[in-house]
Amino acid sequence: MKTSNKFTLTRIILAPVLFLIYFIPEWLNVPDGSLVSAISSYIFIPLLAFAEFTDFLDGFFARRHNEVSDFGKMFDPFADVFLHLSMFTCFVFAGYMPPVLYVLILYREFSQNFLRMVAAKKGTAIAARKGGKLKTVMYVTACFVSLIQESLIRTGFASAWNVDMHSFYIAGVAVYIICVILSYVSFLDYLIHFGSILKEAAD
């Protein structure tokens, strides 16, 4: 496997690992502020940061080693969505992400995946466009905003520092709303540029 694709695969592997780490304190029924809860945050934050960093690394090595391929163009966005939907699922259960926004993002991502499958069948590999990359950046931002909220609670810093968690929550929801808006704007951009392929396949 090419080096760039190995980094992409890393995100797919880390997604369920991060999911498990996130829920371990709940499954063990340990309280916030306990050592186990705090450790889960200390592990989760750098691990998620590394997972997101592999998105840069796969592109860097693809260009440096001339490994750009149609497979990579589809594998990279798939890994991004796989990771971010895993994280969003955690934050929906935790109450940081409103379910309606999560469902809207699911609809968008499944629709985008369908468009990519149809295009691939027609011999066109749809790579990430600027709008899609901006959407991904906002997804990453949303993940860390919610993760910081959860970490403040798990470590006990929220109560110790008298953090206004309600305002933090509102800010987080605002970020998720921006995620939804950008996701649909970027999907419209993909439809404008590749919709003819979809129309041709449907005729």
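Keep in mind the model is a prediction, meaning the values are calculated, not measured. (Residues numbered from 1 in each chain as written. Predicted model: local features only at pLDDT ≥ 70, side-chain atom pairs only at ≥ 80, totals over all residues. Heavy atoms only, no water.)

What follows is about the overall build of the protein chain. Within the protein chain, the secondary structure is distributed over seven helices and zero strands. Helices and strands appear in the protein chain in the N-to-C order α-α-α-α-α-α-α. Against the 2.2 N^0.38 benchmark of 17 Å for 203 residues, the protein chain shows a C-alpha radius of gyration of 18 Å, consistent with a compact globule. With respect to the principal axes defined by its C-alpha atoms, the protein chain has extents near 60 × 35 × 25 Å. Looking at the protein chain as a whole, 46% of its 203 residues are labelled buried. When contacts within the protein chain are restricted to residue pairs at least 6 apart in sequence, long-range pairs at least 24 apart make up 80% of them. (Helix = DSSP H or I, 4+ residues; strand = E, 2+ residues; numbered from the N terminus. Rg over C-alpha atoms; globule rule 2.2 N^0.38 Å. Buried < 20%, exposed > 50% of the residue type's maximum accessible area, 1.4 Å probe, protein only. Contact = heavy atoms within 4.5 Å.)

Relative to the assigned elements, Ser86 resides in helix α3 (residues 70-94). Assessed through its relative accessible area of 16%, Ser86 is described here as buried. For Ser86, the residues in contact, after removing those within four places along its chain, are Ala15 and Phe19.

What follows deals with helix α2 (residues 35-64). With 30 residues, α2 should cover 44 Å at 1.5 Å per step; its first-to-last C-alpha distance of 43 Å lies within 8% of that length. Trailing α2 by a residue or two, Asn66 shows a phi angle of about 55°, which is positive. (Expected span 1.5 Å × (residues − 1).)

So, about the packing of α3 against helix α4 (residues 99-121). Relative to each other, α3 and α4 sit at 165°, their axes nearing to 11 Å. With respect to α4, the axis of α3 lies roughly antiparallel. Note on packing geometry: the crossing formed by α3 with α4 is left-handed. When α3 is examined against α4, the residues Met74, Pro77, Val81, Leu85, Phe88, Thr89 and Val92 are found in contact with a partner set consisting of Pro99, Tyr102, Ile105, Leu106, Glu109, Arg116 and Ala120. Taken together, the residues of the contact of α3 with α4 sort by class into 11 nonpolar, one polar and two charged. (Axes fitted to C-alpha atoms, helices over the stretch in contact; angles between N-to-C directions. Parallel < 35°, antiparallel > 145°, perpendicular 65-115°, else oblique. Left-handed = near helix turned anticlockwise from the far one by under 90°. Nonpolar A, V, L, I, M, F, W, Y, C, P; charged D, E, K, R; others polar.)

What follows covers the nonpolar core. Among the nonpolar cores identified, the biggest contains 31 residues, and Phe88 and Phe91 are the most heavily contacted of them. When contributions to this core are tallied by element, the ones reaching two or more residues are α1 (3-27), α2, α3, α4, α5 (130-154) and α7 (165-202). Here the element with the most residues in this core is α3; it accounts for seven residues. With eight residues, the next largest nonpolar core counts Ile126, Phe187, Tyr190 and Ile197 among its residues. (Core = buried A, V, L, I, M, F, W, Y, C linked by side-chain atoms within 4.5 Å.)

With that settled, consider the packing of aromatic side chains. The tally for this structure, following the rule as stated, stands at 16 aromatic pairs. On the numbers, 4.9 Å between centres and 55° between planes, the contact of Phe19 with Phe23 is tilted. Highlighted residues: Phe19 and Phe23, both in helix α1, separated by four residues, approximately one helical turn. With relative accessibility at 6%, the residue Phe23 sits in the buried group. Relative to Trp161, the ring of Phe157 lies with its centre 4.5 Å away and its plane at 0°, an arrangement referred to as stacked. Here the aromatic residues Phe19, Tyr22, Phe23, Trp27, Phe44, Phe91 and Phe93 are joined through ring pairs into a cluster of three or more. (Phe/Tyr/Trp six-rings, centres within 6.5 Å; stacked < 30°, edge-to-face > 60°.)

Across all of its chains, the model carries zero disulfides by this definition. The thiol of Cys90 is unpaired, and the distance to the nearest cysteine sulfur, on Cys143, comes to 8.9 Å. The closest cysteine sulfur to the non-disulfide-bonded Cys143 is located on Cys179, 7.9 Å from its own sulfur. Taking the relative accessible area as the measure of exposure, Cys143 reaches 0% and is therefore buried. (Disulfide = S-S within 2.5 Å.)

Phi at Asn29 takes a positive value of approximately 60°, unusual for a residue other than glycine. Within the element layout of this structure, Asn29 appears in the loop between α1 and α2. Given a relative accessible area of 68%, Asn29 falls into the exposed group. You will see that Asn162, though not glycine, has its phi angle at about 55°, which is positive. Position of Asn162 among the secondary structure elements: in the loop between α6 (157-160) and α7.

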